Every structure is written in structure tokens, then in C-alpha cells.
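Per-entry structural report
Okay, here's what each chain looks like letter by letter:
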Amino acid sequence: MLEAPGGGGGTVVLIDPSTLRHAAARVKITSQELQLAKSALAQISTPAMPSSVAAVVLSALAEADVSLGPLPPGLDQLVIELTRRAFWAEFADQLLAGYNLSGTALQEFKAWMKDGTLLQYADEGEAIAAGRELAVAYSGFRKDPQLLIDLALSLKASEAKAAGAEVERAFGAGFVNQFGAKNMLLVPRMIQAMEWSRQITFEMGITNPNVLHDVALSWEENGKTLQQDPIKDLLAPFCITLANATCSGMLAPGASSAIADSEDTWATAALVSQGTFATPFLLQCFKSGVVDKIVEDSRSNLALGGTVPETDFPLGEMWSQGKESLPFDTKQTILDALARNPDAAAQALSQPIDAQPFDVFGQRETITNPIELLYRYGDFADHGAAFGHVYVTATDHLPPAEASKLTVTALTQLVGYDHGGMSAFKDGIATDLADHHIKDLFDSAASLDTSSSIAIAPSGADGAGEIELGRQNLTTVIAKLADRPSAFQTLLHAGATYQAALIDQGTQSPPVLGSSPVWAHKIGSFDATVLNATDLNRWEDFHASDERHQLVLGFFKDVTNGVVALDDPVADAVVHTGVDQAFDKAFPGPDPLQVSLTNADAKLDMINSIRASIAAGYYDHGQIHVQLPPDLQGTNGHLKAYGSLDVEAKRSYERWMHENQQVADAVGPAAGQVSDAFTDQSIDFGP
Amino acid sequence: MSEFEPLLPYDTGAMRTVAIALRVQSLHLGQLAGELSGASGGLVFDGPAGDRVKSSLGDYSRTLAAVSQQLGDAAAKMLASADDVDSQNAAIEAHNASVLAHMPPMERKLLEYNR
């Protein structure tokens, strides 16, 4: 047989499948014989003999053991390659021409698809043909669920062993185009019917027409039980195949739309629950499964006073005995799929939409911004966690100027339309602020703008994509994030790192009596805003039982530790570029068990920690030349971090700061700026 | 007069048995090497994949041939060594017989009695 390599190019490759099969048979026998020879050699025990001969014999046996070890597996792999390549040489043309296999060829095809080895030696054209043939071979799955299980195993094995991403994608396209959207959408329903066969068979009043009662009944009547994990073993291979198909550029548009826009949104969501899908397909799913669904739910909410549950039979729940299942909320599943594709996440949240949900008064409102729609009308079972994942992915992916538009929209929603159903979305906002805008928050806190604006900074600022918040709204944003401890912690940790860097950089220059260091005003303003946002205007307001207050306390300790731990170049980089994830991880936050648990300790910490951080900065940069009290001496000549000290040592630190004139003079200008900023925001932390 | 000498403590029968086993496996592996070489030679399989398969078969064949050779050499050495041990032991036995023959009758009888 003559075969052109790679679909053309002039040269022809000569392959005779019969010689490949014949060679494979010889190699296979050789491999078996070799196994016997290895066993025979292993059983030889050498008698006593002259040492010179013993060395030669033992060396020969050891060498044989080492040399022969890898041969049988290697030969077996060659047998597989020769037989599979012989298969393709023999049947590729037939399959590509659209003729189906039969007899031995079909048996070989099924067996070798099931162990994945056929796709291991297929090119793209052959992979498309294999996908098509597999879809045909298992087209009767609707009547025999066992076929679906075999099909899932074949897809899983082939995806694992396919020779490269292009082959996988071509295979996916061939399969889905032949299998069809209708059958793809049936797959999750078939698995659901098998997993929940008893409940579906005997439960009365199932009104969802998509639930496959007949499959459940037949499975139950035959006394079968599912032996495979319904999500990982059965559903996932179809998800990955579909994902590959969407990325191939060869998926029929009709099939793509029929799956994305299916009325059975539960099945669509199940099919996108794993894998990375192409952007256009995901955007279709987002429109129908999230945007349109939210609009539809807004109507249902009016009529029924609540969202109608999607299904009573979540995939995986019965199998895992309640430990693991696909999310109940299909919008959440689709949003998670978007979060796995940064480009799709970015487009979904930044492209205008045309949605007209019903407000609580039954009036239609036109909304064009997707973040606005999701925030205000999205009723998410996970309280917006998946939405937060998409948001973080999008803001990470977009250029700064574009990403900041999303940030401004999200913050505007947080300030104006906060509701309990979006509590988990706050983690996303906090992550975005921590990763991209912590510098902007410090700048906003120090600005004279006391309005309620939230906007992109005008051009001419330090870089594209900076945001500006009026102080009132900055306080509101922080207050709302403080309602969710995980979000607040994320924000404060980045804030502490940035603040430590500001102090480190600011204290590299000698203190000047009578000066007004801008950096000190900035940290004072940010800290005052945080204190205001958490109702901590005076130290007496501190309540150890208030988680927000413990986190604020942790923030101050974090700063004192950070000033000691930061190297100058790192501090300069943080001040310049913000707190990226590398810095964030380099400076883990305080141990929650180590934060002060009493009001008295807290008072001590909060009053002194900022001043102590400034003193540490000046001391470590050699701007203060005084003898340290022994209990404050750390390693390598550093001052110990104030936050790490016990109460006695803290007293010693305070005495050193206040009673040593040189220290007091050095710290004075910066501490004065902090104090002014506090006063400006009605924070009274005086003793 | 010289003393009795001990025999070399090697079981040459066992040495020959093992040597033959090694030789059998050496021949077997040699045949398998030829089989792989033959399988490669009969392939009509051009192109990079074909070249790689043939190359792998050639490598495996050469490995088998080398192991076969090494085992064969070891077997040959073992057989030669067994022959050498046997001839040394024969010389020692002749020497000991001569020593015995030159002993006074009473001493020889005593020695034979103690043996």
C-alpha cells in the first residue's frame, strides 16, 4: 500500500501492512521466549569454583539481568505499534471514505480504542475517522447503557494516549460531529438514570421530561449497579471529548449551538463541567446558561417567590454518598467552565449584553453590563463564588486598562447593590484588589477626594489601569469586604505587605526634622480608612470577639514583621508594581493563633505598631545609631519585629522609642504624618 | 619426604552442569537476536516511524547478541576451569599415592586405618 505522509507533500511512503503484522507476530513470540530465558537465567545458582572464573560467570549473569530487563516491555510496545500501524495502513482509506468496519477489523478497532493504543499511532485525519467510527459503533447506547460505559472507557483511554493535542482535537470533532448534539445531551441524562435508577423508577411525580425514566427502569429491572464513578469515569470523557471538539475548529456549528443553547441546561452544564472549552462555545453557553437563565429566573422569582430547583438527582451524589456531586446550580457550573479559559472569562465579563430581567416590582430593566446583571439579579447557590473565579481570571487576563473597567463595575455594584447572595463574590473582588490595585487603594486613601466616586484614574497617572476611589467609597468597599473574613484577610495581607514596603523604602532616606514624608501620610490614611471601615475609631472600640478586629490587629502585626523581613530591592519592587502573588506568598500572614486575644494586648499592639514599624525601618537602614536594648536585638544586627515580642519586650521597645531622643527624633516626622492622617479621619488612638 | 596435599574443593560436575545451562541460554538468545533481525529485515515500512521501529529492533537484536556472547564466553571459561580443576586434582591424588607408597608399612597401615 502506498501512503502519502501528512496528507501530501510529494514523497510517498511505502507501507505493507502484511509485513508489519508478520513482524509483529515474530516479535511477540520473541518477547515471550525472552521472558522464559530470563526466568531460566534467574534460576541458575553457581557452585563453588575458582575465583577468577566465578567473577566472569557472575558478571555475565548480572549483565544479562540488566540488559534483558527492559527488552520484553520494549518489544511488546513494538508489537502494539506494528499492529496498530498495520491497521491504519489497511483501513484508513476505508474509514476516511466513510465506509464502516465489520468483522475482525471492527473487533480490533473496538478493543484498541478501549485501550487507547489505536489513537496513539493515528494522525489527524485518521483520528477524525476513528472518532466517527466510534460514534457509529456505539450508536445503540440509548437502548443498552452498557454500551455507554464501554464508550466512556474508549474515550477516556484514547484521550489519554492520543499522539498530541491536535490528534485529540481532531478525534473529538470526528466523534461529536457524528454522535450528534442530541446524543451528547443524552449522555448526562443516561448516567443520571443509571446512578439514580431506584429513585427515578419508584419516585412519583417526576415532572422533568428530560429525566430518562425508561433507562432507569430497565437498569433497575436488570438488577444492575453502577461500577464506575459517574463523574470521573463516565461523564468526564465526554466532557473532554466535547472540549477538544470545540477547540478543533472542525466542530459543526449546528452541533455547537444545539449543545450550548439546549433547553436542557442541566445536561449542557454537565457536559461543560470538566475540560477547557473554546471561547466562542463558552460564550454561547454563558449567554444561554447564565445570562438568559438569570433573566428567566427573575421572571420565575416573581411568579413563585424563588428559583425553581434544576434537578433532584445531582450527578455523583448517590455514588459518593453525598460527598461529591456536580453543583446543583447550573449557572455555577458554566461559570466554572469560563474560569478555566481566561480569554472566554475576559470576553464574557467585558462584552456588552442585552438583558431585560424583571426587578422586584415586576418592571423590566435593560442591563448591558454582564457584571451588573450577575451581581444584581444572579441568584447563585454558591453565593457568587464561581462568578468570583471568572472575575479574577478575567482581571488577571485582560490588559490593565481593560481589567480596571471590570474592577470599577464590580466595586460600584459592591457599594451600591451589596446583598447576602453575593458574599462569596467578595473573595474575587478582594483578590483582584490585592493583586492589581493595592497601590491604588493607598493612593486613594491619601487623596483629598472625599467623594463617593469610583473611577479609572485619568491618563497621565503612573500607569494604565489605575483606579481611584473617593474616601467615602473606599471606606464602604473595605467595610463590605470586612463582612467576609476570607476576603478581608486577602485584602489586609496585601495591604500589610505594601505598607511594609512603603516604610522600608521611605526609611532608606535619613529622617529630616520638620519634614512631612508623603509615604507616612499614605500609610496613615490607609490604616485610618481600615479602622474607620471596621468601627475602630478609638482603641476602646476593639472587641476581641469581633473577627474583623482580630484581622485588623493581625494586619498591624503583619506590617511590623514585614518591615523586618523585606529586603530593599523587594520593597522597592512592591512599591513600584504592587503586591503580586510571589510577594504575597513570600510573606505569609500572621498565625491566627498568635494574634492578641485580649483587649489590653490589642491596645498595646495597635497604638505602637505603626511607630515601631517606622523605627525598625530607620534602624535597619542605619539611620539611627544607638545601642539596642539586649531584648530587642534580633539576628544579623536587625531589630526584632515588634509584633513577635512578648508583653515585657514590647514595653522595652516602647521605652526605647519614646525615651531615646535620637529614636524619637527620627520617628517623629513620619509618626506625625500618620497621626495627622488619623486625626483627619477622626481616629483617636492616643494613650 | 613430602607431605600429603589436599584436593581442590570444587564440584566440577556442578560446574559443568551450570556451564551447559549457560551455553543453552547463550544459544537461545543468539537465536532470538537473529529472529529480531529477521523481523526487521522483512518489514516494508518506510518513513520516520518505520526507520525508528527498525532501529529499535536492531538495537534489541544487538543487545541480545552481546548478552549471548557474554554468556557463551562465561560457559566456555567454566568448562575449561572444570577441566583444569580435574587435572590438578588428579596430580594431587598421584602425589599423595606416591607419598603413601613410600611410608613404612606400620605407619601406612595406621594412616589407612585412621582414614
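Higher on the page you've got the structure.
Residues numbered from 1 in each chain as written. Chains lettered and ligands numbered in written order. Predicted model: local features only at pLDDT ≥ 70, side-chain atom pairs only at ≥ 80, totals over all residues. Heavy atoms only, no water.

Comments concerning the overall build of chain B
When its secondary structure is counted, chain B shows three helices and zero strands. The helix and strand sequence of chain B, counted from the amino end, reads α-α-α. Its C-alpha atoms give chain B a radius of gyration of 26 Å, more than 25% over the compact-globule value 13 Å for 115 residues. Here chain B holds 115 residues, and the buried ones make up 36% of them. In chain B, 9 side chains carry a positive charge and 14 a negative one; their mean positions are 3 Å apart. (Helix = DSSP H or I, 4+ residues; strand = E, 2+ residues; numbered from the N terminus. Rg over C-alpha atoms; globule rule 2.2 N^0.38 Å. Buried < 20%, exposed > 50% of the residue type's maximum accessible area, 1.4 Å probe, protein only. Lys, Arg positive; Asp, Glu negative; His and termini not counted. Charge placed at Lys NZ, Arg CZ, Asp CG, Glu CD.)

Topic: the overall build of chain A
Within chain A one finds 31 helices and four strands. Looking at the 687 residues of chain A, the share that counts as buried comes to 53%. Contacts in chain A between residues far apart in sequence, at least 24 positions, make up 73% of those at least 6 positions apart. (Contact = heavy atoms within 4.5 Å.)

A closer look at the interface of chain A and chain B
On the side of chain B, 38 residues touch chain A, which itself brings 38 residues to the contact. Taking both partners together, chain A and chain B bury about 3,300 Å²; carbon and sulfur atoms supply 77% of that area. Together, A:R26, A:T30 and A:L78 form the three largest contributors to the area buried by chain A at its contact with chain B, with a combined 14%. A salt bridge links B:R52 to A:E81; the nearest nitrogen and oxygen atoms lie 2.5 Å apart. Those elements that provide at least two residues to the side of chain A that touches chain B are strand 2 (13-14), helix 1 (17-43), helix 2 (51-68) and helix 3 (71-96) of chain A. For the side of chain A that touches chain B, the element with the highest residue contribution is helix 1 of chain A, accounting for eleven residues. Residues of the side of chain A that touches chain B, tallied by class, amount to 26 nonpolar, six polar and six charged. (Buried area = accessible area lost by both parts, 1.4 Å probe. Salt bridge = Lys/Arg side-chain N within 4 Å of Asp/Glu carboxyl O. Nonpolar A, V, L, I, M, F, W, Y, C, P; charged D, E, K, R; others polar.)

As for the environment of A:R340
All names here are of chain A. Summarising the element assignment, R340 is placed in the loop between helix 16 (330-339) and helix 17 (342-350). Between the C-alpha atom of R340 and that of Q178, which follows or precedes it by 162 residues, the distance is 27 Å. Look past the residues within four positions of R340 in its chain and what remains in contact with it is V272, S273, Q274, G275, T276 and F277. In this structure the side chain of R340 is engaged in a polar contact, spanning 2.8 Å, whose partner is the backbone oxygen of G275. (Polar contact = N/O pair within 3.5 Å; in protein donor to acceptor, adjacent residues only side chain to side chain.)

A short note on unusual backbone geometry
Residues and elements named next belong to chain A. The backbone phi angle of Q321 is positive, close to 55°, even though this residue is not glycine. One can find Q321 in the loop between helix 15 (279-304) and helix 16. The phi dihedral of H383 falls on the positive side, at around 55°, and the residue is not glycine. Within the secondary structure, H383 sits in the loop between helix 18 (370-377) and helix 19 (385-397).

Topic: helix 30 (residues 647-659) of chain A
Look at helix 30 of chain A: 18 Å from first C-alpha to last across 13 residues, which is about the 18 Å you get at 1.5 Å a residue. Within helix 30 of chain A, the full set of buried residues consists of A:A649, A:K650, A:S652, A:Y653, A:E654, A:W656 and A:M657. (Expected span 1.5 Å × (residues − 1).)

Considerations on the packing of aromatic side chains
Residues and elements named next belong to chain A. Evaluation of the coordinates by the stated rule reveals 21 aromatic pairs over all chains. Ring plane angle 55° and centroid distance 6.4 Å describe the contact between F175 and F238, whose orientation is recorded as tilted. In this pair, F175 sits in helix 8 (residues 165-179) while F238 sits in helix 12 (residues 230-248), placing the two residues 63 residues apart along the sequence. F238 matches F175 in its accessibility class, with the two residues each being buried. Relative to F387, the ring of F380 has its centre 6.3 Å away and its plane inclined at 35°; by these criteria the two rings are tilted. This pair shows no difference in class: F380 is buried, exactly as F387 is. (Phe/Tyr/Trp six-rings, centres within 6.5 Å; stacked < 30°, edge-to-face > 60°.)

Here we look at the pattern of salt bridges
Residue and element names in this part refer to chain A. Taken as a whole and assessed by the stated rule, the structure comprises 33 salt bridges over all chains. A salt bridge links K405 to E402, with the shortest nitrogen-to-oxygen separation between them at 3.3 Å. Remark: E402 and K405 occur in helix 20 (residues 400-417); sequence separation between them is three residues, near one turn of the helix. Its relative accessible area of 45% is what places K405 among the partly exposed residues. Bridged by salt links that share partners, the residues K293, D297, D329 and K331 form one connected network.

Focus: the state of the cysteines
All names here are of chain A. Enumeration over the complete set of coordinates arrives at zero disulfides over all chains. Looking at the unpaired C247, the closest cysteine sulfur is the one in C285, lying at 12 Å. We classify C247 as partly exposed; its relative accessible area is 27%. Lacking any disulfide linkage, C285 is separated from the closest cysteine sulfur, that of C239, by 11 Å. (Disulfide = S-S within 2.5 Å.)

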